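Inside the fold
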Amino acid sequence: MLAAAVHAQGIPNDPLYRSSGSWGQSYPDQWGLQRIGFPPTEPTAWTLESPQAQPVTVAVIDSGLDYTHPDFPRDALWRNPQEKLNGIDDDRNGYIDDVIGWNFVEDTNNPWDRSGHGTLIAGIIAAASDNGVGIAGINRHARIMPLAVLNLAGRGRSSDIAAAIDYAAAHGARVINLSFGGEAASPVEVQAVQRALQAGAVVVLAAGNLGRDTAGFGLANIPGVLVVAATDTEDQRARFSNFGRAVSISAPGVDILGLRARGTDLVRTSGAAAYRERAALVGSDGGYYRASGTSFAAAFVSGVASWILAQRPELTGAQVTRMMVQSARDIGPPGVDPLTGYGLIDARAALAADPEFWTTAQIDHVELTLRDGRPVVRVTGTADANQFAAAHLRLAPVAYPNDWIEPAAALTQPVRAAALAEIDVQSLRGSRRWIAQLVVTHQNGRTRETRHLIDLGPAP
Ligand SMILES: [Ca+2]
Ligand SMILES: [Ca+2]
Ligand SMILES: [Ca+2]
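The rules behind these values
Residues numbered from 1 in each chain as written. Chains lettered and ligands numbered in written order. Predicted model: local features only at pLDDT ≥ 70, side-chain atom pairs only at ≥ 80, totals over all residues. Heavy atoms only, no water. Axes fitted to C-alpha atoms, helices over the stretch in contact; angles between N-to-C directions. Helix = DSSP H or I, 4+ residues; strand = E, 2+ residues; numbered from the N terminus. Left-handed = near helix turned anticlockwise from the far one by under 90°. Contact = heavy atoms within 4.5 Å. Nonpolar A, V, L, I, M, F, W, Y, C, P; charged D, E, K, R; others polar. Phe/Tyr/Trp six-rings, centres within 6.5 Å; stacked < 30°, edge-to-face > 60°. Buried < 20%, exposed > 50% of the residue type's maximum accessible area, 1.4 Å probe, protein only. pLDDT = per-residue confidence, 0-100. Pairing = 2+ DSSP bridges. Donors = N, O, S within 2.8 Å, 3.2 Å for Na, K, Ca; no water. Tetrahedral: all angles 85-135°; square planar, octahedral: opposite > 155°, others 65-115°. Core = buried A, V, L, I, M, F, W, Y, C linked by side-chain atoms within 4.5 Å.

A closer look at the packing of helix 4 (residues 117-126) against helix 8 (residues 294-311)
- Direction vectors running N to C along helix 4 and helix 8 enclose 35°, while the axes themselves pass 8 Å from each other. Viewed along their axes, helix 4 and helix 8 form a crossing whose handedness is right-handed. Facing helix 4, whose interface residues are His117, Leu120, Ile121, Ile124 and Ile125, helix 8 presents Ser295, Phe296, Ala299, Phe300, Ser302, Gly303 and Ser306.
- Across the contact of helix 4 with helix 8, the residue classes break down as seven nonpolar, five polar and no charged.

In structure tokens:
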């Protein structure tokens with residue numbers, strides 16, 4: 001009864017969840033978890049949990065998992081119900097004795113984590129919560145399916161990655177976490193991700209840590225993939241985080257605390273310069289570890305996706321993806337922006353979101369062209385919603401960003417990847433540089449905006 005009362009209260013008792021400054025920093029040790037809707041004070045998202053919550057399988061396609069970690073619950077490890085440890089491929093899936101997953105790197109049934117990367121991710125999602133030990137994970141209903149594809153250097157063969165994605169989808173993973181950026185993806189990987197999406201999985205992809213635009217990246221540009229950028233404690237895009245039109249959403253990715261796989265020192269292994277050995281270890285027994293990267297931002301999104309599916313198993317992967325994206329809290333440049341996407345993931349808002357609701361405000365490009373021999377600025381993009389009411393395009397001089405003009409008529413019909421407006425250049429005298437703001441209004445009154453710079457170049 002006591003445990004039930006504690007859960008009803010919703011605030012876990014894990015010491016590193018409640019502490020701050022354990023490595024001399026000014027913020028809570030699990031600041032990221034707290035920032036996305038799970039703070040240690042009411043209202044916290046955990047209090048919204050359904051008493052009928054169901055287990056949810058989450059494939060962590062990564063470096064493996066230390067499944068013996070004392071703060072990783074035994075029942076948070078996925079089990080293959082059709083496989084026995086007997087030297088026989090009982091379920092005839094091509095993998096002998098794959099009782100808890102598979103190690104594609106070593107071609108064994110032991111997805112042990114040698115680098116520590118995958119264990120950090122798994123712990124963010126599913127570390128034991130409210131057990132009085134260490135950290136709290138997001139979702140105590142998550143069942144982690146560890147599929148090892150990354151070697152010590154963090155690299156994986158595309159054939160292994162594709163096979164692991166197929167394995168995850170075939171064995172009922174409702175969430176697939178891919179924390180390896182994936183700038184150059186082979187067609188086999190792209191096709192495997194497309195199959196997983198068609199099978200109804202939520203596919204979460206780290207944007208990557210090169211500080212680059214993800215335009216042209218193989219996996220990031222597959223429609224339906226959730227691409228996650230990393231933010232810092234000020235809700236700013238982390239400097240290392242990749243960015244671009246493909247970014248869907250943001251989540252904390254700086255100084256993130258997780259489980260340390262036994263014997264690992266991830267930052268050292270990844271070759272960071274000026275790293276003092278064991279400096280990232282946390283806890284008297286070194287059982288915890290802190291690291292930065294979009295990998296861990298992706299883990300937060302996977303954790304929230306699985307947490308929503310635990311409460312509402314009837315939802316499709318596309319619905320869960322939409323609920324998280326559409327309910328994200330706007331950060332960075334106003335509206336949808338290429339640095340942070342729709343904004344910071346918000347677990348409470350995502351669970352409460354209407355699974356059908358969506359609005360899109362997107363400016364693809366701006367060009368100077370001629371219409372009936374007169375110079376015009378053509379603004380192309382998408383203004384749409386599941387229940388579209390109207391869209392407005394407004395302009396303000398860069399030097400006077402509050403002096404909005406509305407040089408074109410409001411849109412009363414949705415526009416998809418077509419001209420939103422053609423603005424007579426005559427109406428843009430007075431400034432060569434303008435901020436264009438597209439605001440889409442849903443029939444429920446909610447709005448979505450995005451902005452784009454219009455540069456007319458030097459004065460003629
Ligand atoms: Ca098998
Ligand atoms: Ca714990
Ligand atoms: Ca924004």
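Past the structure itself, the notes keep going.
Comments concerning the packing of aromatic side chains
- Within the structure shown, the criterion is met by ten aromatic pairs.
- Between the aromatic rings of Tyr17 and Trp46, the centroid separation amounts to 5.6 Å while the plane-to-plane angle is 70°, which identifies the pairing as edge-to-face. In this pair, Tyr17 is assigned in helix 2 (residues 15-18) and Trp46 in the loop between helix 3 (31-35) and strand 1 (56-62), connecting sequence segments 29 residues apart. By the burial criterion, Tyr17 is buried, and Trp46 matches it.
- A centroid spacing of 5.0 Å and a plane angle of 55° characterise the contact between Tyr95 and Trp102, whose relative ring orientation is tilted.
- In this structure an aromatic cluster arises from ring pairing among Trp78, Tyr95, Trp102, Phe104 and Tyr167.

Details of the confidence of the model for the protein chain
- Across the protein chain, pLDDT averages 95, with 98% of residues at or above 70.
- Note that pLDDT drops below 50 for residues 1-8; the model gives that stretch five contacts with residues more than four away or on any other chain.

Digging into the sheet that holds strand 10 (residues 288-291)
- Judged by pairing direction, the sheet is antiparallel, and its three strands sit side by side in the order 8-10-9 without closing on themselves. The outermost strands of the open sheet, each flanked by one partner alone, are strand 8 (256-259) and strand 9 (281-282).
- Sheet topology note: the strand 8/strand 10 ladder contains four bridges and is antiparallel. Paired with Gly258 across the strands is Tyr289, a residue of strand 10.
- Of the strands in this sheet, strand 8 and strand 10 touch helix 4, which is tilted by about 100° from strand 8.

So, the coordination of the calcium ion (ligand 1)
- Donor atoms from the polypeptide that bind the calcium ion (ligand 1) are Glu83 (OE), Asp89 (OD), Asp91 (OD), Asn93 (OD1), Tyr95 (O) and Asp98 (OD), placed at 2.2 to 2.4 Å.
- Coordination at the calcium ion (ligand 1) comes from six donor atoms whose angles at the metal span 75 to 163°, giving a geometry best classed as irregular.
- We note that the donor set of the calcium ion (ligand 1) lies within a single chain, spaced as E-x5-D-x1-D-x1-N-x1-Y-x2-D. Of the two residues, Asp89 and Asp98, both sit in the buried class.

Brief notes about the sheet that holds strand 3 (residues 142-148)
- Read across the open sheet, the seven strands follow the order 2-3-1-4-5-6-7; overall the sheet is parallel. Lying at the two open borders of the sheet, with one neighbouring strand each, are strand 2 (102-103) and strand 7 (249-252).
- Direction of pairing for strand 1 relative to strand 4 (residues 175-178): parallel, over a ladder of four bridges. When the sheet's bridge partners are listed, Val58 is paired in strand 4 with Val175.
- On the sheet, helix 9 (residues 317-326) packs against strand 5 (202-206), strand 6 (226-231) and strand 7 and is oriented at approximately 45° with respect to strand 5.

A few points about the nonpolar core
- Judged by nonpolar contacts, the single largest core of 81 residues is most densely connected at Phe38, Ile308 and Met324.
- Broken down by element, the residue count for this core peaks at twelve residues, all from helix 8.
- With residues near it in sequence (within four places) discarded, Ile308 still touches Leu315, Val320, Met323, Met324, Ala350 and Leu351.
- One finds Met145, Ile165, Val203 and Val247 within the second-largest nonpolar core, a separate group that totals 37 residues.

Regarding helix 4
- Extensive coverage of helix 4 is indicated by the burial of ten of its ten residues.
- Considered for burial, the residues of helix 4 that qualify are His117, Gly118, Thr119, Leu120, Ile121, Ala122, Gly123, Ile124, Ile125 and Ala126.

Structural notes on unusual backbone geometry
- Geometrically, the link from Glu42 to Pro43 is a cis peptide bond, its omega value of -5° lying close to zero.
- A positive phi angle is found at Arg92, which is not glycine, with a value near 50°.
- Relative to the helices and strands, Arg92 resides in the loop between strand 1 and strand 2.
- Here Arg92 falls in the exposed class, since its relative accessible area comes to 77%.
- Backbone geometry places Asp107, a non-glycine residue, at a positive phi of 55°.
- Mapped onto the elements, Asp107 comes out in the loop between strand 2 and helix 4.
- The exposure class assigned to Asp107 is exposed, which follows from its relative accessible area of 57%.

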